[in-house]
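What follows is the residue order along each chain.
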Amino acid sequence: MRGWPTVVVVDPRGTVVGALAGEGNRPLLLQVVADTVERHDRRGSLRPVAREAAGRLALASGRVAVEGPWSFPAKVASDRSGRVVVADTGHDRVVVLELAPDAEGVVPARISHVVTGLRSPHGVRLYGSDLLICDTGNDRVVRVDLDTRPTPDEDVEPDPAGIIRLRARPVDALAVDVASPWDVVADLDRSLVVAEAGRHQLWRVPQYGASPGVIAGNRFQGLHDGRAEAAELAQPSGLARVPAGVVFVDADSSSLRILTNQGRVRTLVGEGLFDWGKRDGRGLRGRFQRPQGVAASPDGGTIYVADTYNHLIRDWYRRDLGTLPIDGLDEPRGLDVLPDGRLVIADTGNHRIVVADASTGAVLPVAVAMTTLPAAVPIVEPGTVLGVDAGGAFTLAFGVDLGPFELDGGIERPVRIVLEAEPPWLLDDGPRRWRHVAPAGALTLGAGVGGSGWLTATVTAAVRRDGACAVRTSVTRHHLTVRG
């Protein structure tokens, strides 16, 4: 197969059980893996060591701990009034910044909001108080109202730096079951256009609660223009609105394309599904290598592209593709235009946000005070592979490493455990939150209806050392199969 990604399932005997190309196949993949494990467990051909290794491989989050405030930031967006939104993808959160005038070789920024309750967010937009987020890992698009404040049941601690900390909730979802949404932008009628990378389509989310629907792409991966519903796309990953329509970058075909106002898809740069390179030129002669971000000047005359695998920022003006003199980037995935005409860029591989001058190439990092940024979501650790009959009971161990600290004796129950099941019906209607006196222990849980998915346990402990207070946190994700 030439599709990306392609996942191949191999059983303990080395037999290929199946292969899945593209994204959006998570439920089927989980079922195939669970069936294979169960079948070979019955036959006795699944050794315990192999089972443990398989669990670690299936549950590994793939995240890497990095220093600094950002971890693999994927997308950025400017509301053209001085605010910038950052999808801090590796930390599973979105951060809203207020930029200040340049000083001492950096662009200072103040954090106004932090939104959690997400998984690998990508595309972000800010329209007034409406923050739109492509919650990519959860296959949904959510809208968070920045004018709201945390409710008591959200368990959000007060922030001494004045940062408003919010949590995306299921009720905030505008669209669900969108396979790997990577970007979102408002259209002329104020509906939303979503780049669904997993199934190679563009979606429209109407206003006023109407049902979302596909507006471009026939689900076949390719580079075929024409009527929007018959066109072939290849992992659309970035969107921007221009007067003529919605421009987008197709990562798999390394192309720049447009969905016109007349409902047709037209390619601006790019020639084939697997044709890529690094070349300036007029019309279709230019070449990208897996571009993942796009932005437009206020008049729509210039289109800027994050040419991700070439580590470049390109510009498309009057059918000519050029390269901007911006050096030192590492796989940039998102960008936008600031009010003063400079570009704000998600320099993903360097774990930073920068502001760059398109003419001179001058680059300034965006600086935030680490002491004011709420603690990052810890790396998700792989847990155990669990199996239970529907309606049955099972035990889940929990624990948090206190490090050099000790539990805060001034708090009656200093340990907090929060469980999240995905899908939620894998557990019964019992409690999801507990307070405990010890940093480790076990919970007795009730299984819900049949299916497979994830059970995530977040354990936080209030601790002290030498009179200083802190919080220690661990997050463990288990694979849970409920039989029946």
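Residues numbered from 1 in each chain as written. Predicted model: local features only at pLDDT ≥ 70, side-chain atom pairs only at ≥ 80, totals over all residues. Heavy atoms only, no water.

Participant: Honestly, the overall build of the chain in this entry has me stumped. Any pointers?
Facilitator: Summing up its helical and strand segments, the chain has two helices and 37 strands in all. Looking at the 484 residues of the chain, the share that counts as buried comes to 49%. If you take every contact in the chain between residues at least 6 apart in sequence, the share linking residues at least 24 apart comes to 52%. (Helix = DSSP H or I, 4+ residues; strand = E, 2+ residues; numbered from the N terminus. Buried < 20%, exposed > 50% of the residue type's maximum accessible area, 1.4 Å probe, protein only. Contact = heavy atoms within 4.5 Å.)

Participant: In this structure, what is going on with empty space enclosed by the protein? I would like to understand it.
Facilitator: Leftover empty space is mapped by rolling, across the atoms, a probe with the size of a water molecule. By the definition in use, this model includes one cavity of 30 Å³ or more. Approximately 70 Å³ is the volume found for the largest cavity. As for the largest cavity, its lining consists of Lys 75, Val 76, Gly 123, Val 124, Arg 125, Asp 183, Gly 238, Gly 293, Val 294, Gly 334 and Leu 335. Sorting the residues of the lining of the largest cavity by element identifies strand S3 (75-78), strand S7 (124-127), strand S22 (293-296) and strand S26 (334-337) as the ones contributing at least two each. When grouped by side-chain class, the residues that make up the lining of the largest cavity number four nonpolar, four polar and three charged. (1 Å grid on protein atoms, 1.4 Å probe; cavity = no way out; pocket = protein on both sides within 12 Å on 5 of 7 lines; lining within 4 Å. Points joined across faces, edges and corners; volume = space filled by probe spheres on them. Nonpolar A, V, L, I, M, F, W, Y, C, P; charged D, E, K, R; others polar.)

Participant: I would appreciate a short explanation of the pairing of S7 in the present structure.
Facilitator: Regular strands place side chains that alternate from one sheet face to the opposite one. The sheet contact formed by S7 and strand S8 (residues 130-135) spans four bridges and is antiparallel. From the neighbouring strand, Leu 126 faces S8, where its bridge partner is Leu 131. Counted between consecutive antiparallel strands, the loop separating S7 from S8 contains two residues, among which Gly 128 sits at a positive phi close to 65°. (Pairing = 2+ DSSP bridges.)

Participant: What's the story with the sheet that holds strand S25 (residues 320-323) in this structure? I'm lost.
Facilitator: Sheets are built from strands that pair by backbone hydrogen bonding, the pairs being arranged parallel or antiparallel. Taken in spatial order, the five strands make up an open sheet running S21-S25-S24-S23-S22, and their pairing is antiparallel. Two strands lie at the open edges of the sheet, namely strand S21 (281-282) and S22, each paired on one side alone. Across two bridges, the pairing between S21 and S25 is antiparallel. Its bridge partner being in S25, Gly 281 is matched across the sheet by Leu 321.

Participant: Which parts of the structure should I look at to understand the sheet that holds strand S12 (residues 181-186)?
Facilitator: Read across the open sheet, the four strands follow the order S12-S13-S14-S15; overall the sheet is antiparallel. A strand with exactly one partner marks an edge of an open sheet, and here the two such strands are S12 and strand S15 (213-216). Taken pair by pair, the neighbouring strands of this sheet meet at an average axis angle of 35°, ignoring direction. Bridge count between strand S14 (residues 201-205) and S15: three bridges; the pairing is antiparallel. Considered in S15, the bridge of Trp 203 is made with Val 214. (Axes fitted to C-alpha atoms, helices over the stretch in contact; angles between N-to-C directions.)

Participant: Sorry, what's going on with the pattern of salt bridges here?
Facilitator: Pairing between side chains becomes possible if they bear opposite charge and their charged atoms approach one another. Within this structure, the stated rule accounts for 26 salt bridges. Note that Asp 250 and Arg 257 form a salt bridge whose closest N and O atoms lie 2.8 Å from each other. By relative accessible area, which is 0% here, Asp 250 ends up buried. A relative accessible area of 0% means that Arg 257 is categorised as buried. One salt bridge in this structure joins Asp 389 and Arg 483, with 3.1 Å as the shortest N-O distance. Within this pair, whereas Asp 389 is found in strand S30 (residues 380-389), its partner Arg 483 is found in strand S37 (residues 468-483), the two being separated by 94 residues in sequence. Through salt bridges with shared partners, a single network forms among Asp 102, Asp 340 and Arg 342. (Salt bridge = Lys/Arg side-chain N within 4 Å of Asp/Glu carboxyl O.)

Participant: Could you clarify how one ought to interpret the environment of Lys 75 in this entry?
Facilitator: Here Lys 75 is to be found in strand S3. Separated by 278 residues in sequence, Lys 75 and Ile 353 place their C-alpha atoms 9.6 Å apart. In this structure the side chain of Lys 75 is engaged in a polar contact, spanning 2.7 Å, whose partner is the backbone oxygen of Ser 237. (Polar contact = N/O pair within 3.5 Å; in protein donor to acceptor, adjacent residues only side chain to side chain.)

Participant: Honestly, the nonpolar core in this entry has me stumped. Any pointers?
Facilitator: The nonpolar side chains of a soluble globular protein tend to be buried, and buried together. Phe 394, Leu 445, Leu 455 and Leu 480 are the most contacted members of the largest nonpolar core, which has 24 residues in total. Breaking this core down by element, the ones donating at least two residues are S30, strand S31 (393-399), strand S33 (415-422), strand S35 (440-446), strand S36 (451-465) and S37. The residues touching Leu 480, leaving out its near neighbours within four places in the chain, are Leu 386, Val 388, Phe 394, Leu 426, Leu 427, Gly 451, Ser 452, Gly 453 and Leu 455. Counting 18 residues, the second largest nonpolar core, distinct from the first, contains Val 95, Ala 109, Ile 111 and Leu 338. (Core = buried A, V, L, I, M, F, W, Y, C linked by side-chain atoms within 4.5 Å.)

Participant: Looking at this model, I keep getting lost on the pairing of strand S27 (residues 343-347). Mind explaining?
Facilitator: Counting buried positions along S27 yields five of five residues, so the element is predominantly enclosed. Judged by which residues are buried, S27 turns out to be covered on both faces: Leu 343, Ile 345 and Asp 347 on one side and Val 344 and Ala 346 on the other are all buried. Of the strand pairs in this sheet, S26 and S27 are connected by four bridges, and their pairing is antiparallel. Among the inter-strand pairings, Asp 336 is bridged to a residue of S27, identified as Val 344. Linkage of S26 to S27, two consecutive antiparallel strands, is achieved through a turn of five residues, within which Gly 341 is found at a positive phi near 90°. Direction of pairing for S27 relative to strand S28 (residues 352-356): antiparallel, over a ladder of five bridges. Within S28, the position partnered with Val 344 by the bridge is Val 355. Where S27 folds back on S28, the antiparallel hairpin that results is connected by four residues, among which His 351 adopts a positive phi of roughly 55°.

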